[in-house]
Amino acid sequence: MQVVILAGGLGTRLREETEYRPKPLVEVGGRPIIWHIMKLYAHYGFLDFITCLGYRGNMIKEYFLNYEAMNNDFTIGLGVPNQISYLNNHDEQNFRVTLANTGLETQTGGRIKQIEKYIEDDLFMVTYGDGLADVNIGELLSFHKEHGKLATVTTVQPPSRYGIVDIDEREARVLKFGEKIKDNKWVSAGYFVFNRKVFDYLEGGHCILEREPLERLTAEGQLMSYQHHGFFYAMDTFKEYTELNKMWETQQAPWKVWK
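Just so you know, the residues in each chain are numbered from 1, in the order the chain's sequence is written. Per-residue local features are limited, in this predicted model, to residues with pLDDT of at least 70; the limit for side-chain atom pairs, both in listing and counting, is 80 or more; totals at the level of whole chains, interfaces and linings are taken over all residues. Hydrogens and water are ignored here; the side-chain numbers use all heavy atoms of the structure.

K.L.:
Help me out: how do you make sense of the overall build of the protein in this one?
P.N.:
Secondary structure counts use DSSP, requiring at least four H or I residues in a row for a helix and at least two E residues in a row for a strand, with both numbered from the N terminus. On a plain count of helices and strands, the protein comes out with eight helices and 15 strands. Along the three orthogonal principal directions, the C-alpha set of the protein runs to about 85 × 45 × 35 Å. Contacts were defined at the residue level, with two residues in contact if any of their heavy atoms lie within 4.5 Å. For the protein, restricting intrachain contacts to residue pairs at least 6 apart in sequence, the fraction spanning at least 24 positions comes to 74%. Accessible surface area values rest on a Shrake-Rupley calculation with a 1.4 Å probe, where residue burial reflects the displayed protein chains alone. Within the structure as shown, the protein displays about 14400 Å² of accessible surface, and the carbon and sulfur contribution to it stands at 49%. Neither His nor the chain ends is counted toward charge; the positive residues are Lys and Arg and the negative residues Asp and Glu. By convention, the charge on Lys lies at NZ, on Arg at CZ, on Asp at CG and on Glu at CD. Treating the 29 positive side-chain charges of the protein as one cloud and the 35 negative ones as another, the clouds have centres 1 Å apart.

K.L.:
Help me out: how do you make sense of the side chain of Thr127 in this one?
P.N.:
By the element assignment, Thr127 lies in strand 8 (residues 123–128). Summary of the burial criterion: residues with accessible area below 20% of their type's maximum are buried, those above 50% are exposed, and those between are partly exposed, where the area comes from a 1.4 Å probe applied to protein chains only. Judged by relative accessible area, Thr127 falls into the buried class, the value being 0%. When near neighbours in sequence (up to four residues on either side) are disregarded, Thr127 contacts Val4, Ile5, Leu6, Ile37, Tyr41, Ala189, Gly190 and Tyr191.

K.L.:
Help me understand unusual backbone geometry, please; the structure alone is not making it clear to me.
P.N.:
Leave glycine aside and you will find that most residues have negative phi; peptide bonds, for their part, are mostly trans. Backbone geometry places Arg56, a non-glycine residue, at a positive phi of 50°. Within the element layout of this structure, Arg56 appears in the loop between strand 4 (48–53) and helix 3 (57–65). With relative accessibility at 34%, the residue Arg56 sits in the partly exposed group. Residues other than glycine seldom take positive phi values, yet Asn94 does so here, at roughly 75°. Examined against the element boundaries, Asn94 turns out to sit in the loop between strand 6 (83–86) and strand 7 (96–101). Under the relative-accessibility criterion, Asn94 is labelled exposed at 66%.

K.L.:
What should I look at first to understand the nonpolar core in this one?
P.N.:
One recurring pattern in soluble globular proteins: nonpolar side chains tend to sit buried together. The biggest cluster of nonpolar side chains holds 41 residues, and the ones touching the most others in it are Tyr41, Ile137, Tyr191, Met235, Leu244 and Trp255. In these notes, a set of buried Ala, Val, Leu, Ile, Met, Phe, Trp, Tyr and Cys residues joined through side-chain atoms within 4.5 Å is what counts as a nonpolar core. If you look at the next biggest cluster of nonpolar residues, it comprises 23 residues, including Ile50, Val126, Leu150 and Ala151.

K.L.:
Help me out: how do you make sense of the pattern of salt bridges in this one?
P.N.:
A side chain with one charge may pair with a side chain of the opposite charge, provided their charged atoms come close. Throughout this description, the term salt bridge denotes a Lys or Arg side-chain nitrogen within 4 Å of a carboxyl oxygen of Asp or Glu. With the rule as written, the count across this model stands at eight salt bridges. Between Lys23 and Asp130 there is a salt bridge, with the nearest N and O atoms lying 2.9 Å from each other. With Lys23 in the loop between helix 1 (15–18) and strand 2 (27–28) and Asp130 in the loop between strand 8 and strand 9 (131–133), the pair connects residues that are 107 residues apart, well separated along the chain. For Lys23, the salt bridge is made with Asp236, and the minimal N-O distance between the two is 3.4 Å.

K.L.:
When you look at the packing of aromatic side chains in this model, what are you seeing that I'm missing?
P.N.:
Aromatic ring pairs: the centre-centre distance and the angle between the two ring planes describe each pair. Between the rings of Phe, Tyr and Trp (Trp by its six-membered ring), a pair exists once the centres lie within 6.5 Å; its type follows the angle of the planes, with under 30 degrees stacked, over 60 edge-to-face, and the other angles tilted. In total, this model carries 15 aromatic pairs according to the counting rule given. Between the aromatic rings of Tyr63 and Tyr67, the centroid separation amounts to 5.5 Å while the plane-to-plane angle is 85°, which identifies the pairing as edge-to-face. Each of the two residues, Tyr63 as well as Tyr67, counts as buried. Members of the aromatic cluster, connected to one another through ring pairs, are Phe124, Tyr128, Phe192, Phe194 and Phe199. The ring centre of Tyr201 lies 4.2 Å from the NZ or CZ of Arg216, which sits over that ring. Two thresholds decide whether a charge sits over a ring: the Lys NZ or Arg CZ must be within 6 Å of the ring centre and within 35 degrees of the ring normal.

K.L.:
So what exactly am I meant to see when it comes to the sheet that holds strand 8 here?
P.N.:
For sheets, the rule is that strands pair by backbone hydrogen bonds, running either parallel or antiparallel. In space, the seven strands of this open sheet follow the order 7-4-1-8-13-10-14, with mixed pairing throughout. Across the chains shown, the open sheet's two edge strands, defined by having one partner strand only, are strand 7 and strand 14 (223–227). Strand after strand, the sheet turns through a mean of 25° between neighbouring axes, direction not considered. Following DSSP output, two strands are said to pair if at least two bridges run between them. Pairing between strand 1 (residues 2–7) and strand 8: five bridges, direction parallel. Working convention: axes come from line fits to C-alpha atoms, limited for helices to the stretch in contact. Angles between N-to-C directions cover 0 to 180 degrees.

K.L.:
Please explain the pairing of strand 1 as it appears in this structure.
P.N.:
Residues in a regular strand point their side chains to alternate faces of the sheet. By the criterion of burial, strand 1 is predominantly enclosed, with six of the six residues buried. Of the two faces of strand 1, the one lined by Gln2, Val4 and Leu6 and the one lined by Val3, Ile5 and Ala7 are each fully buried.

So this is what it looks like as structure tokens:
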């Protein structure tokens, strides 16, 4: 089964990094965040990826074109014909990565529509190129197959942005000063599973997946929620970029489920 990664956005809220490179290449622990996402799926046996490129997509192409040389020792014979012999193997053996240009201004639904021709099976998965999680992909896929609907979205309960304070309103005395707690509402974390019939709900470059297509699937009772109670963190700002790197450096990175 193939995994589609949306990797074409501008990443404007992380301008400190994305001014020079696309967000999927922003590094966490010395590796692009797209590498971390792929490693999660690969841990569950999914090694076939399609990346939907847009902003600075040529840099993502260059990253994968140079992957063997940058992650192996090698011997190169100069002259004509030249020859390269790789002397060791990296851990990403048998990954298959399709790099598809889907346009600079194309919206998420339009990007997915453009790679329809590359989808080989009835089911495929989709996620964003900036969100890390410890989602059990095997359980997610089983959940999707069991309910039999066209689409599944992974949902999480985000923590409140603010610390919670309990107050005695009559005396204005603080009774309890708490850490941030999780809201009762569930939000999308990506990590979708789709039946290929979902392509019928997608249109051209202006099509935003999160609006009309998913709203229509919801109205028709075809969208189900896989509720994830574990770790999820989207890298939208420089603060979040810093926090993810700190987690990795202190070996407290819950998304690293691989060895």
